[in-house]
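Chains, contacts and geometry: an overview
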Amino acid sequence: MNKQLIPLNHDDVKLLIVHCSATRSDRNFSVDNLIATGKARFGQPSYHWYIRRNGNLIPILPETVRGAHARGYNRCSLGICYEGGLDPQGRKVDTRTPQQKAALFELLKQLHRDYPKARIIGHKELPNVAKECPCFTPSTEYACLQPEA
Ligand SMILES: [Zn+2]
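Thresholds, definitions, all that
- Residues numbered from 1 in each chain as written.
- Predicted model: local features only at pLDDT ≥ 70, side-chain atom pairs only at ≥ 80, totals over all residues.
- Heavy atoms only, no water.
- Donors = N, O, S within 2.8 Å, 3.2 Å for Na, K, Ca; no water.
- Helix = DSSP H or I, 4+ residues; strand = E, 2+ residues; numbered from the N terminus.
- Buried < 20%, exposed > 50% of the residue type's maximum accessible area, 1.4 Å probe, protein only.
- UniProt positions renumbered as here; feature names shortened; annotations may be inferred.
- Core = buried A, V, L, I, M, F, W, Y, C linked by side-chain atoms within 4.5 Å.
- Pairing = 2+ DSSP bridges.

**Considerations on the coordination of the zinc ion**
For the zinc ion, the protein coordination sphere consists of His19 (ND1), His123 (ND1) and Cys133 (SG), at 2.1 to 2.2 Å. Within one chain, the residues serving as donors to the zinc ion are arranged as H-x103-H-x9-C. In this pair, histidine 123 sits in the loop between strand E7 (119-122) and helix H3 (138-141) while cysteine 133 sits in the loop between E7 and H3, placing the two residues 10 residues apart along the sequence. Judged on exposure class, the residue histidine 123 and its partner cysteine 133 are both buried.

**Comments concerning the UniProt feature "domain: N-acetylmuramoyl-L-alanine amidase" (unreviewed entry) in the chain**
What UniProt calls "domain: N-acetylmuramoyl-L-alanine amidase" (unreviewed entry) maps, in this numbering, to residues 3-135. As a span, residues 3-135 carries 22% helix and 20% strand, and end to end its C-alpha atoms are 30 Å apart.

**Structural notes on the nonpolar core**
Judged by nonpolar contacts, the single largest core of 23 residues is most densely connected at Leu78, Ile80, Leu104 and Leu111. Elements with a minimum of two residues in this core: strand E1 (15-20), strand E3 (49-51), strand E5 (77-82) and helix H2 (98-114). Examining the composition of this core, we find that five residues originate from one element, H2, more than from any other. Within the second largest apolar cluster, eight residues are counted, among which are Phe29, Val31, Tyr50 and Cys81.

**As for the pairing of E1**
When you tally the buried positions in E1, you get six out of six residues, the bulk of the element. Pairing analysis gives six bridges linking E1 to E5, with the strands arranged parallel. Bridging across to E5, isoleucine 17 finds its partner in glycine 79.

Have a look at this one:
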């Protein structure tokens, strides 16, 4: 099932939401798998960017269309997903590699320039989200890239 993508206006972007793929850090979760999962669940790819364990940054959706990654917030956010989030035993831990951390920081730095009023948060930091996604706390880790209060 493919649904029509909905436009997203630059000025409507208030949040930059970080997710993990919730897959094990010793396994590959390919771009095709990520896109297929989004399509199966939401009729479209979920995220705007995907960051592989080797630090490769893969654009998935254009910034000009809505993602499908944060219920109730897709109309005002961009979604970034990194590969991992579970250790080889399936426990929820910060599995980000140094390359992923560097790529995520570079992307968020660029997005902070392009969307200076947007707050960086993790999926789990939204109200009423019970899951541990992602497995660290972006709002504090990227305090230096947050909008002026
Ligand atoms: Zn998430």
